[in-house]
Amino acid sequence: MQIKGSVWKFGDNIDTDAIIPARYLNTSDPDELAKHVMEDADKEFPNKVKAGDIIIAGKNFGCGSSREHAPIAIKAAGIQAVIAKSFARIFYRNSFNIGLPIFESEAASEKIKEGDIVEIEADKGIITNLSTGQQYTAKPIPPFMQELIAAGGLIEWTKKKVLAKGVKA
Amino acid sequence: MHMTITEKILAAHTEKKEVYHGELINAKVDLVLANDITAPIAIREFKKTGAKEVFDKDRVAFIPDHFAPQKDIKAAEQCKMLRDFSKEYHLGLYFEIGRMGIEHALLPEQGLVVSGDLVIGADSHTCTYGALGAFATGVGSTDVAAAMATGECWFKVPESMKFIYYGKLNKWVGGKDLILHTIGDIGVDGALYRAMEFEGETIRNLPMHGRLTMCNMAIEAGAKNGIIVPDSITEEYVKNRAKRPYKFYTSDPDAAYVEIREYDCSKIPLTVSCPHLPSNTKPAAELSHITIDQVVIGSCTNGRLQDLREAAQVMKGRKVNPNVRMIVIPATQQIYKDAMKEGLLHIFIDAEAVVSTPTCGPCLGGHMGILAKGEIALATTNRNFVGRMGHPESEVYLSNPAVAAATAVLGKIATPEELGL
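Rules and cut-offs
- Residues numbered from 1 in each chain as written.
- Chains lettered and ligands numbered in written order.
- Predicted model: local features only at pLDDT ≥ 70, side-chain atom pairs only at ≥ 80, totals over all residues.
- Heavy atoms only, no water.
- Helix = DSSP H or I, 4+ residues; strand = E, 2+ residues; numbered from the N terminus.
- Rg over C-alpha atoms; globule rule 2.2 N^0.38 Å.
- Buried < 20%, exposed > 50% of the residue type's maximum accessible area, 1.4 Å probe, protein only.
- Contact = heavy atoms within 4.5 Å.
- Lys, Arg positive; Asp, Glu negative; His and termini not counted.
- Charge placed at Lys NZ, Arg CZ, Asp CG, Glu CD.
- Axes fitted to C-alpha atoms, helices over the stretch in contact; angles between N-to-C directions.
- Parallel < 35°, antiparallel > 145°, perpendicular 65-115°, else oblique.
- Left-handed = near helix turned anticlockwise from the far one by under 90°.
- Nonpolar A, V, L, I, M, F, W, Y, C, P; charged D, E, K, R; others polar.
- Pairing = 2+ DSSP bridges.
- Phe/Tyr/Trp six-rings, centres within 6.5 Å; stacked < 30°, edge-to-face > 60°.
- Lys NZ or Arg CZ within 6 Å of the ring centre and 35° of its normal.
- 1 Å grid on protein atoms, 1.4 Å probe; cavity = no way out; pocket = protein on both sides within 12 Å on 5 of 7 lines; lining within 4 Å.
- Points joined across faces, edges and corners; volume = space filled by probe spheres on them.
- Disulfide = S-S within 2.5 Å.
- Salt bridge = Lys/Arg side-chain N within 4 Å of Asp/Glu carboxyl O.
- Polar contact = N/O pair within 3.5 Å; in protein donor to acceptor, adjacent residues only side chain to side chain.

Draft legend 1. Summary view of the overall build of chain A. Summing up its helical and strand segments, chain A has eight helices and seven strands in all. Relative to its length of 169 residues, chain A is compact, with a C-alpha radius of gyration of 16 Å against a globular reference of 15 Å. Judged by the C-alpha coordinates and their principal axes, chain A covers about 55 × 40 × 25 Å. The buried share of chain A, reckoned over its 169 residues, is 61%. Taking the intrachain contacts of chain A between residues at least 6 apart in sequence as the baseline, contacts between residues at least 24 apart amount to 64%. Computed over 22 positive and 22 negative side-chain charges, the inter-centroid distance for chain A is 5 Å.

Draft legend 2. Spatial organisation of the packing of helix α2 (residues 39-48) of chain B against helix α5 (residues 141-150) of chain B. Residues and elements named next belong to chain B. The interhelical angle for the contact between α2 and α5, taken along N-to-C directions, is 50°, at an axis separation of 8 Å. In terms of axis orientation, α2 runs oblique to α5. Where α2 crosses over α5, the handedness of that crossing is right-handed. Only S141, T142, V144, A145, M148 and A149 of α5 make contact with α2, whose side of the interface consists of I41, A42, E45 and F46. Residues belonging to the contact of α2 with α5 are distributed by class as follows: seven nonpolar, two polar and one charged.

Draft legend 3. View of the sheet that holds strand β6 (residues 135-138) of chain B. Residue and element names in this part refer to chain B. Strands sit in the order β4-β3-β2-β5-β6 across an open sheet of five strands; the sheet is parallel. The outermost strands of the open sheet, each flanked by one partner alone, are β4 (93-94) and β6. Where strand β3 (residues 60-63) and β4 come together, two bridges link them in parallel fashion. Each bridged residue has a counterpart across the sheet, and for F62 the counterpart in β4 is Y94.

Draft legend 4. View of the packing of aromatic side chains. Taken as a whole and judged by the stated rule, the model has 18 aromatic pairs over all chains. Judged by centre distance (5.2 Å) and plane angle (85°), the ring pair of F61(A) and F91(A) falls under edge-to-face. Linking F61(A) in the loop between β2 (54-57) and α4 (69-76) with F91(A) in helix α5 (residues 89-98), this pair joins segments that are 30 residues apart in sequence. The pair F61(A) / F91(A) is uniform in exposure class, with both members buried. Relative to Y193(B), the ring of Y92(A) lies with its centre 6.3 Å away and its plane at 90°, an arrangement referred to as edge-to-face. Placement of the pair is Y92(A) in helix α5 and Y193(B) in the loop between α6 (175-186) and β9 (195-199), with the two residues belonging to separate chains. By relative accessible area, Y92(A) is classed as buried at 14%. Taken together, the ring pairs in this structure connect F46(B), F62(B), F85(B) and Y89(B) into an aromatic cluster. It is R93(A) that lies over the ring of W154(B); its NZ or CZ is 3.9 Å from the centre. The ring centre of F67(B) lies 4.8 Å from the NZ or CZ of K71(B), which sits over that ring.

Draft legend 5. Structural context of empty space enclosed by the protein. Evaluation of the coordinates by the stated rule reveals five cavities of 30 Å³ or more. Roughly 220 Å³ of volume is contained in the largest cavity. Contributing to the lining of the largest cavity are 24 residues, with H66(B), D123(B), H125(B), L364(B) and R388(B) lying nearest its centre. Elements represented by at least two residues in the lining of the largest cavity include exactly α4 (103-109) and α10 (299-302) of chain B. By volume, the second largest cavity is sized at about 70 Å³. Lining the second largest cavity we find L154(A), W157(A), T158(A), K161(A), N26(B), D143(B), A146(B), A147(B), T150(B), E152(B), C153(B) and W154(B). Mapped onto the lining of the second largest cavity, the elements with two or more residues apiece are α8 (154-165) of chain A together with α5 and β7 (152-156) of chain B. Partitioning the lining of the second largest cavity into residue classes produces six nonpolar, three polar and three charged.

Draft legend 6. Just the side chain of S109(A), in detail. Along the chain, S109(A) falls in helix α6 (residues 106-111). When near neighbours in sequence (up to four residues on either side) are disregarded, S109(A) contacts K9(A), I56(A), A57(A), G58(A), A84(A) and K85(A).

Draft legend 7. Main features of the state of the cysteines. All names here are of chain B. Counted under the stated rule, the structure contains zero disulfides over all chains. Lacking any disulfide linkage, C265 is separated from the closest cysteine sulfur, that of C215, by 15 Å. Look at C265 and you get buried, because its relative accessible area is 0%. The cysteine C360 is free of any disulfide, with C300 supplying the nearest cysteine sulfur at 6.5 Å.

Draft legend 8. The side chain of R304(B), seen in detail. Residues and elements named next belong to chain B. Following the sequence through the fold, R304 ends up in the loop between α10 and α11 (305-315). D307 provides the closest opposite charge to the buried, salt-bridge-free R304, at an N-O distance of 4.6 Å. Of the polar contacts made by the side chain of R304, one reaches the backbone oxygen of T301; its length is 3.3 Å. Apart from the residues lying within four places of it in its own chain, the contact partners of R304 are H104, A105, T128, H209, L212, T213 and I335.

Draft legend 9. Expanded view of the pattern of salt bridges. This model, assessed by the stated rule, comprises 37 salt bridges over all chains. Measuring nitrogen to oxygen at the nearest pair gives 3.2 Å for the salt bridge that ties E39(A) to R23(A). Highlighted residues: E39(A) in the loop between α2 (30-34) and α3 (45-48) and R23(A) in the loop between α1 (16-19) and α2, separated in sequence by 16 residues. The closest approach of N and O atoms between K28(B) and E152(B), which form a salt bridge, is 3.6 Å. You can see K28(B) sitting in strand β1 (residues 24-28) and its partner E152(B) sitting in strand β7, a full 124 residues away along the chain.

Draft legend 10. Expanded view of unusual backbone geometry. The omega torsion across A68(B) and P69(B) is -5°, close enough to zero to call that bond cis. Along the polypeptide, P69(B) turns up in the loop between β3 and α3 (73-88). Looking along the chain, the bond that leaves P275(B) and enters H276(B) is cis, with omega of -5°. Within the secondary structure, H276(B) sits in the loop between β12 (271-273) and β13 (281-283). Although it is not a glycine, N13(A) adopts a positive phi angle of roughly 55°. With a phi angle near 85°, S299(B) is a residue other than glycine that sits in the positive phi range. With respect to the helices and strands, the residue S299(B) is situated in helix α10. Classification of S299(B) as buried rests on a relative accessible area of 5%.

That's the geometry; what it means functionally is another story.
Take a look at the structure:
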C-alpha cells in the first residue's frame, strides 16, 4: 500500500481529549467526530485538513482515554496515516483494530516539516519526504499486527475465529 | 519459575505454564466491560462478528456512567443502546442509574472483579483493579467487541517496572500523592507499554482505597497495568465481596524488572498536578497563589467513601469560599448511601457544596460542572489535559481530597495545615 500526502505537524503527548474532546462523545458517528478532529490542539484544524493529509507528531501520541473515537475521527477526516515518535498503547491497538495506518519513526518526526509532501510504503515502513528527498524507516510492524491487517482488521479476524470455533454462533 | 505477578496472571489465563514479557498471547478474560461512550461502538462491532450470543452473559458488564444520568438526547440514545443490548442478550451485569456507580468504583466494591482476574475494559482506567492483584487493562471498543464474542483477547506480555515505597507518609498524604509524585518523576510516558508494580512497606500499610487510586492512574504514566501483590488488606477487602472465587498471585523473588525505582515517602509532600499534564507536579504548598473557581471531589480516582471522609474532615464546620463552586460526587450508590448515613453529605451541604448522584460527569467535561473560558478548577480526578473539564482555555489542577477540600474553603490552592488541621 502506497500512501502520499501533505503533512500537518503536532508536538509531544497529544492526548485523546485534544484529538476528539469528550464534549463531542455523545455520538460515535465518524463524520460528526471528524468535524472536531484535533480541535483542542488546533482550533482551525478541522477546516484546514484535507482528505489524503498525513499527521506527524512527537512522542506518546494518543495518550489518555481508550476512546476509539480518536482514531475514528482522524480516519474519517480523511487523514491517511499518522507518524509519531511513539504511540500510547491503547491508541496503537485501536488504530490497528479500525484500520488507521500508523508508523513509529523518531527521525521522520523530527526532520519532516509541516507542508512537506511525504510518501509511505506501508508494507516496508519506508517513509520518503518528497519535498527533501530524505528517507526514513519506521519501526517494523509486529508480525501479529500484520496478520490482523492481512485479515482486514480485528473484527474480520474474530469472524473467522467465531466461524472456526463455532463460538456460540 | 521467575515470573512477575503480571506474567503469572496472564499465564494462568492461557494454556501455557509460563509466559514472559515480549511474548504475544491469546488469553481468556474473566470480565469485559464498557460504558455509555465506548459500548455503542463495541455493540456495532460485536454484531459484525457473527456471534449470536456473548461468550458469557455474566461476564460482560455495561455501565452507563459517563454521561448518565442522561445529559442530552444524543447521550440518552447512546445509553439506550446499552439498555437495549443488555435486554436482548440477557446481560447479568447492566447497571441502570440508581443502582450504578462509576464503573471502576462499582465493580471492585460489588466483588464483580476479584484478585487474580484478567479484566479488559473499554475505558482506560480499567487498570484500577490491579489494586486487588488482578491484571486489568484498558482497550478500545473493537477489542471489547471481539472479547464479547470469543471471551478472549490478545496481549503482548508487558515488561514490569517495580516501584518501591518506604517510610512514613506525611500527614494528609495518601495514595493520590504517591501516584502523582511517581508520574511527576517518570513522565506521562514513563511506563509506556509496561506494568507498574507497586510495593514496599508503605504500600503494605496503604489502605485499599489508596491502592485503587494508585493503580487507577497507572495509565497516566502510559502503563498497560498497575498492580499490587495481594496481602491481608486485600484479603480483608475481597473476602466478603467476591462474587466469584479469587486467587492471590505473587511475584517470584527472581522475576525480571526492566527498572526499579525507590521512593522515601517521608519526603513526598501533598502533591498537585498543574495544567496540562498529570506529570506536571508541584508541592501543594508552593501553589498558594493559584485562585480557584471550582473544586470537584469524586471520579473513579477519588470518589470512594474514605475520600469523602477525608474531605469532610476538612470541611466540617467550614464554608466553601464565596468565590468557589464545590461539587462532591460519591462514586457509587452504596458510597452515596454510606456517606449519607455517616453524615458526610450533611457536612458538604452545610458547607454550601453541591452533592451529585454518581457520574463521571465533570471529570471528562461531560456534564455536572463544566468550566467556562478562563476558569480554573482543582479536582480529585485523574487528567488535566487541555479542555478536559470544559472550555479549551480552562485549566484543571489535580490533588487528593483533603487538599481539594482545603482549597474549596480558602478559594486558592491550600493544604489542610493552613486550616490548622
